[in-house]
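As a plain string of letters, each chain reads:
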Amino acid sequence: MTLTETLVKPKRRRWSPATRRNFIKGMLFISPWILGFLFFTLYPMASSLYISFTEHHIRTASEWIGLENYLNLLHDRRFWTSLYNTVYMVVIAVPLELLCAFVFAVLLNLKLRGQSVYRLIYYLPSIVPLVASSMLWMWILNTNNGILNVLLGYFGIKGPSWLTDPTWAKPALIIMGLWGIGNTIVIYLSGIQDVPTSLLEAAELDGASWIQRLWYVTIPMVSSITLFNLIMGVIGMFQYFTQAYIFAAAQSGRANNVLGSPLDSTLFYSVYLYDRFSNLKMGYAAAMAWILFAIILVCTLLLLRFSERWTYYEGGER
Amino acid sequence: MTNIARTMERALGRKRYVWQRALFKVLGHIVVFGVGLFFLVPALWMFFTAFKSSKDVFRFPPTLLPYDNQYVTINGKAYPLYNVPVNGEMRQLAALKIAEGQGTFVNPNDPTEVIETRARYAEPIFTIKFQWRNFSDAINRGVRPGLKVNFWTYLKNSLIVAFFTIIGTLLSCVPAAYGFSRIQWPGRELVFMLVLSTMMLPYQVTMIPLYLLFTETLKWGNSLLPIIVPSFFANAFDIFLLRQFFRTIPEDLVDAARVDGASELHILLKLIIPLSTPILAAITVFTFLWAWNDFLGPLLYLNNPEKFTLAIGLQDFQGQRNTEWNQLMAAAVVFTVPIIIAYFFAQRTFIEGIKLTGTKG
Amino acid sequence: MSGKLVRLMLTMVMLSSLLMACGKKQPAEVKVDMPAVLRVWITWGDDPTQIQELFNRFGEANNVKVEVNSPVEADKVIAALSGTEPPDILVLGGPDDVSTWVNEGLVAPLDELAATHGIDLGDIYPAMLAQGKYKGKLYALPWGSDTYGLYWNKDLFEEAGLDPEKPPKTMEEMLEYADKLTKVEADGTITQLGFVPDFSWSHIEQYVKLYGSYWFNDDGTKVQLDTPEMIAALKWEQQFYTKYGIEEVLRFVSSTGEYSSPEHGFMAGKIAMMVDGEWMTGDNFIGGLAPDLWYGVGPIPYPASKPERKGTNVVGGTVALIPSGVKNKDAAAKLLAWMMSPEILAEEMVANFNLPSSKEAAKDPRFRANEKFAVFMDLASSPNATFHIFTPISADLLTELDLIEQQVLHEGADPAPLLKAAQDKLQPMLDKALGQ
């Protein structure tokens, strides 16, 4: 049954014994999830929603201030900066990573020698722990001594100060992110390999070139992969934190660890939220968390809605 | 057209096609190789940095291989060699002491000849040297003396977390996925939407109250419980994957079993699970990887170093004023090696698993 | 009463007063119920072994296990402070957060505990003690302090034709000297810089104090950002950037190495002068990483118009506190008293190359062994040594200030309107926070 059918279908007045039995069985099977949902999701959600309407104090009682946290957010310049930075990453990094993953997967699918080695090489960086790879890239992106700029220098290009120039800090993080897309590449690779050869052969017979086959057959056939990774990518990118945090922490021992340097260009939403949390502004942080949730919800629903036209699911419907 | 002409045209055409094909292949090789460099070079640098000495990590111009001072032994002690300009000529001397800009050097062949000069003008001599001790240093580091804690403790904790997380996940997600796919009950789709929507919940929303719940109410602070127990209550992602897979199992098989009077549990255990080994293997692998790398949970809940996992242990290298890069990379290499080995052995299962999580619908 | 009894009583009185007089010199041995474990959290620390060994001495002497956790992440600290099982003693890298935490009731007041367990507050340098006070009460004790001075590269001075033994005295001279020490290529690329005011991090607090002001007034009730001194200090800093092109300066600085590495800008001879802390002279830094460096240390230059500010420096540094959630505060206080005792303090400070906060500990000859370190000792005890004032909005102010400074230095912005905007924003916040 599709979602629309479920919602539109009139509710039955009475359940038959069989239905009742099935209901009980169903509930039993999913009971662990229900319990977990109640205790580890619903209760904390309610609690933090409450906190977002208060000025939360730790030892003394919290005071109810209604929508004040939310209103202050609207006037907070850093809030908008953090939102902008995060949306920047969502809009640029997520599609870019998907595109590259797909292209690289196509490359890895070519009939060339040594593909199994290449596949390992492309995949390996994605299993390196995030702390290690973030710091590794901090070295690579060093303005004069990092190999990236040294290499660019060989081509006569004066590479920018990736880590200290506000214009280039986010692109630097994006490049860093591209290094770890091995996981997605492999997913796309298996998706591409699963495209029925009959379809490809038929297209070839019809006179389609390699590119046309790619565009009209392969890409649509992997569209469900694309959608899934797009949604998960968007959700994940809205919560982007670790790399930016390590970025800030690794920059030559500042006495006050100011997150978001240079000039707040890497102040992402989660980073700012964390900053508020560290400064004991719990109510404010909770308000930010709920706004984030709302944003993610809206984006996901929009994506799902607009994807119906270009996604193809094997077996017809979801 | 005459036969000859037609044959010639076809021959020429094919040749052009072949030529095009060859160019294509060469281009392909170049591009694949080029992209491969992007992925490989940083990894190689990471690997070799694990062998460098602290001073060598940021050498300019950057070198791939590890270099270190060349030493010479005089009277049983080792001294580093320098190129020192003396009276207009460059000589190789051993450095006895360098401090405050002044250097005291000695002729390695004639230790009685002592030369003092401003250290600025002396250049150390380097040679390729692999610092294997970085690995033992990394492993022994993060030790909190006074507590019997070391790398192996972290490893043990990581394995415990991974093991129980896998068990908890399988035990809770498999029945749940079955309930969402193979049993028809009213409201099923609605509840499933709810399950999916939890994937959109950012962790920040529940972080603080959850922390308070685990540490204050349940008093589980400082143990591995807050990290392991939630996995026994299923998670949306794995439920989704399993459900996708279960739906590919033909309805008729299940129906037939029901007609034969089998209980749902029986169907699940005897029919569905045996058919699901690929997806179960995949989930095992991915849960392992996730638990192995998870650090937010351990970061928040583990204060006692005896309970630390490897992921936090790695954080240790990020010192406040400096970072022991070489040890960090050595630790990262050690951290990643089990996964690489696992990859080689389980390559097929790995790829199969990743393929299955590609959600083809 | 019989004479004998009177004499007995008098003797008793004399004896007890004698004992009390003796007790003044040593910490009074208050009977304390020791728990099984005492936990000490330190937010910094590159050598956990050394610190644990140090604390084990207390543990052995008092039959208790002392667990040292170092370094500890900041968010763990907050989580623990808010919970029911905070560490018994928390040692922070700086007192910035203390006032916020006191406001939230997370820190135990120390006045009484210090008196009971014999911590001699008079022995502590006033500037260092003042940092831990908030609203007149004591909440944190300094465990080793830092101060900042001018470092200069004597080799580069010589090369540039300057007398290596004569560092710049005034801020105006700094500009001149920096100019002579900066090398720029034809295309604008910098190969050597004279001075970068916010290298390795900002020292705006030093500069503004040198101009004679600070961003809070003395009792912490007013925000003083929009002042001529702040503007002057920022404008002075700005010149070091704008003179050679902000882009180029930023490029050059970002290409220098990590703080604790031989590629550090100053250690590698790329930046000729810098303002930094006393620990730099130690084996963990220049002493060990760049022994070939010929350098000097001295006070930070003062503005030519204010010669009375000569030798001004802002003392800051590590503080130790007891979280309010600790159940057995006496046991924690006893450990704290031991930490503050001159011998232990001296031991730890020598190991870490930090300044001792106790005058008694400062007498230890080891502190004078390194003549460069000794310069900092003198600075910290000089009459012009000052300290930070903290208020509940310190964290917010420092964030704003950091952003302003970045904009002024890295973007060439005009400081005056930025400072005014920040002050207008922060003063109401302070008023509200103090009104509580």
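Bear in mind the structure is a predicted one, so any value in this text is a computation, not a measurement. (Residues numbered from 1 in each chain as written. Chains lettered and ligands numbered in written order. Predicted model: local features only at pLDDT ≥ 70, side-chain atom pairs only at ≥ 80, totals over all residues. Heavy atoms only, no water.)

### Here's the deal with the interface of chain A and chain C
Worth spelling out the cut-off: Any two residues having at least one pair of non-hydrogen atoms within 4.5 Å are treated as being in contact. A simple way to read buried area is as the amount of 1.4 Å-probe accessible surface that goes missing from two parts once joined, with both sides added. What makes a salt bridge here is a side-chain nitrogen of Lys or Arg within 4 Å of a carboxyl oxygen of Asp or Glu, nothing more. Nitrogen and oxygen atoms within 3.5 Å of one another constitute a polar contact, given that in protein one can donate a hydrogen and the other can accept it, and given that sequence-neighbouring residues count only through two side-chain atoms. Under the DSSP-based scheme used, a helix requires at least four consecutive residues in state H or I and a strand at least two consecutive residues in state E, with every element numbered from the N terminus.
Across the contact, 37 residues belong to chain A and 39 residues belong to chain C. Across the chain A to chain C interface the summed buried area is about 3,100 Å²; carbon plus sulfur atoms make up 45%. Inspection of the chain A/chain C interface yields three salt bridges. In this structure, Lys281 of chain A and Asp396 of chain C form a salt bridge, with 3.7 Å as the shortest nitrogen-oxygen distance. Our count for the chain A to chain C interface comes out at one residue pair in polar contact (both at pLDDT 80 or more). Within the residue set of the side of chain A that touches chain C, elements represented by two or more residues are helix H4 (77-109), helix H13 (242-250) and helix H14 (269-278) of chain A. Ranked by the residues each element gives to the side of chain A that touches chain C, the list is headed by H14 of chain A, at four residues.

### Some words on the interface of chain A and chain B
For the record, the criterion: Gly is put with the polar residues, along with every residue not named as nonpolar or charged; the nonpolar set is Ala, Val, Leu, Ile, Met, Phe, Trp, Tyr, Cys and Pro, and the charged set is Asp, Glu, Lys and Arg.
On the side of chain B, 93 residues touch chain A, which itself brings 93 residues to the contact. Counting across the chain A and chain B interface gives zero salt bridges. The leading source of residues in the side of chain A that touches chain B is helix H2 (residues 17-52) of chain A, at 21 residues. In the side of chain A that touches chain B, the residues fall into 67 nonpolar, 19 polar and seven charged.

### Some words on the domain arrangement of chain A
Residue and element names in this part refer to chain A. Under the convention used in this document: Note that the domain bounds were set by an automatic or database domain assignment.
Once the domains are mapped, chain A shows domain 1 (21-70) and domain 2 (71-307). Computed over C-alpha atoms, the centres of domain 1 and domain 2 are 31 Å apart. Between domain 1 and domain 2, the residue contacts involve twelve residues of the former and 13 residues of the latter. On inspection of domain 1 and its partner domain 2, the count reaches zero salt bridges. For the pair domain 1 and domain 2, the number of links is eleven residue pairs in polar contact (both at pLDDT 80 or more). Elements supplying a minimum of two residues to the side of domain 1 that touches domain 2: H2 and helix H3 (68-74).

### Focus: the confidence of the model for chain A
Note the following rule: Scored from 0 to 100, pLDDT reflects the predictor's confidence in each residue.
Of all residues in chain A, 89% attain a pLDDT of 70 or more, and the chain-wide mean is 83. For the stretch residues 252-257 of chain A, pLDDT sits under 50, and the model shows 13 contacts to residues farther than four places along the chain or on other chains.

### Quick word on the pairing of strand S10 (residues 271-277) of chain C
Residue and element names in this part refer to chain C. Note the threshold: When accessible area is computed with a 1.4 Å probe and restricted to protein chains, residues below 20% of their type maximum are described as buried, those above 50% as exposed, and intermediate ones as partly exposed. Strands were regarded as paired on the criterion that DSSP finds at least two bridges between them.
Buried residues dominate S10, accounting for seven of its seven residues. Of the pairings in the sheet, the one linking strand S7 (residues 148-153) to S10 comprises five bridges and is antiparallel in character. In the strand pairing of S10, Leu150 is matched with Val275. Direction of pairing for strand S9 (residues 190-195) relative to S10: parallel, over a ladder of two bridges. Paired with Phe195 across the strands is Met273, a residue of S10.

### Considering the pairing of strand S6 (residues 141-146) of chain C
On a regular strand, each side chain points to the face opposite its neighbour's, so the side chains alternate between the two faces of the sheet. Residues and elements named next belong to chain C. With six of six residues buried, S6 lies mostly within the body of the structure. Looking at chain direction, S6 and strand S12 (residues 313-321) are connected through four bridges and run antiparallel. Along S12, the bridge assignment pairs Ser145 with Gly317.

### Things to note about the sheet that holds strand S11 (residues 295-298) of chain C
Residues and elements named next belong to chain C. The condition is simple: Interaxial angle, 0 to 180 degrees, is taken between N-to-C directions of lines fitted to C-alpha atoms, where a helix line uses only the stretch in contact.
With mixed pairing, the five strands of this open sheet are ordered in space as S8-S9-S10-S7-S11. The two strands at the open ends of the sheet, each matched to only one other strand, are strand S8 (183-184) and S11. As judged from the two bridges shared by S8 and S9, these two strands associate in the antiparallel manner. From the neighbouring strand, Val184 faces S9, where its bridge partner is Ile190. Running over the sheet, helix H8 (residues 171-181) touches S7, S8, S9 and S10 and is turned about 160° from S9.

### A few points about the nonpolar core
Operational definition: Note on terminology: a nonpolar core comprises buried Ala, Val, Leu, Ile, Met, Phe, Trp, Tyr and Cys residues joined through side-chain atoms within 4.5 Å.
Grouped together as the largest cluster of nonpolar side chains are 137 residues, with contacts concentrated most on Phe104, Tyr122 and Ile185 of chain A, Phe39 of chain B together with Trp101 of chain C. Top contributing element to this core by residue count: H4 of chain A, with 15 residues. Leave out the neighbours within four places in its chain, and Ile185 of chain A touches Ala101, Phe104, Ala105, Leu108 and Tyr122 of chain A together with Phe39 of chain B. Listed in part, the 127 residues of the second largest apolar core include Leu38, Phe55, Met273 and Phe376 of chain C.

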